[in-house]
Amino acid sequence: MHGLVNRSVQCFLRDTYGADLWAAVAAEAGVAPEGFEALMQYDDPLTDAVVDAAARQLGKQREALLEDVGIYLVALEPLRRLLRFGGASYEDFLHSLDELPDRARLAVPDLDLPDLTLHAVAPGRFRLDCSGPRPGFGAVFAGILRAMADDYGALVLIDAGSGAVLPETVGIELLDTSFAAGRGFDLARPEAV
């Protein structure tokens, strides 16, 4: 697994639950306390060990933990900006998801994200297929979709499905595109004062 993925999980755990929890997870998973280098590659079983250890330490289901990671990622401004380039509305954003892995690879060429395919199931209802190298990305994208709905001010129901079968699927029901005021977004960053 790419170090950027592992580092994201590490930062989520440390930022959300504290350095002591990260230290306990790292010890249980056999990771050095300083954690992961963002630009290195790591064996996939090590990533699984970290996620499983964190789920045990927190008493959470693996999928719920990974969904929380997805929500956390949207709070990071550089990733939020990358995602917001997907369109002016939440529905535009959904339709741009199939381009996301290629956009991410422009920044990090060796990042292996799942292929994303959006299917319109009915008016306002969609299914996102995550055909990834490993199970778990569906739950992460469910969190990303929830957080981005809030970012756009849309009222959306997300069904994370099950991570046991590939491709993982995420159900999306768009209830109200202008439910609340979304967060502001400009293509150009505001100048520092």
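Above this text you will find the structure in question.
Structural notes, computed from the coordinates.

A few points about the environment of Phe 93
Reasoning step 1: Locating Phe 93 in the fold gives a position in helix α6 (residues 90–95).
Reasoning step 2: When its relative accessible area of 1% is taken as the criterion, Phe 93 is described as buried.
Reasoning step 3: Taking the C-alpha atoms as reference points, Phe 93 and Leu 83, ten residues apart in sequence, are found 7.5 Å from one another.
Reasoning step 4: Each residue touching Phe 93, except ones within four places of it in the same chain, is listed here: Leu 83, Gly 86, Gly 87, Leu 145, Met 148 and Tyr 152.

Some words on the pattern of salt bridges
Reasoning step 1: The full count for this structure, using the stated rule, is eleven salt bridges.
Reasoning step 2: Residues Asp 15 and Arg 14 are paired through a salt bridge, measuring 3.4 Å at the closest nitrogen-oxygen approach.
Reasoning step 3: When its relative accessible area of 31% is taken as the criterion, Arg 14 is described as partly exposed.
Reasoning step 4: Its salt-bridge partner being Asp 48, residue Arg 62 comes within 3.1 Å of it at the nearest N-O pair. Of this pair, Arg 62 sits in helix α4 (residues 62–75) while Asp 48 sits in helix α3 (residues 44–58); the two residues are 14 residues apart in sequence, bridging distant segments of the chain.
Reasoning step 5: You can call Arg 62 partly exposed: its relative accessible area is 23%.
Reasoning step 6: What you see here is one network of salt bridges that share partners, running through Glu 77, Arg 80, Arg 84 and Asp 151.

What counts as what
- Residues numbered from 1 in each chain as written.
- Predicted model: local features only at pLDDT ≥ 70, side-chain atom pairs only at ≥ 80, totals over all residues.
- Heavy atoms only, no water.
- Helix = DSSP H or I, 4+ residues; strand = E, 2+ residues; numbered from the N terminus.
- Buried < 20%, exposed > 50% of the residue type's maximum accessible area, 1.4 Å probe, protein only.
- Contact = heavy atoms within 4.5 Å.
- Salt bridge = Lys/Arg side-chain N within 4 Å of Asp/Glu carboxyl O.

Such coordinate-based values are descriptive only and should not be taken to indicate function.
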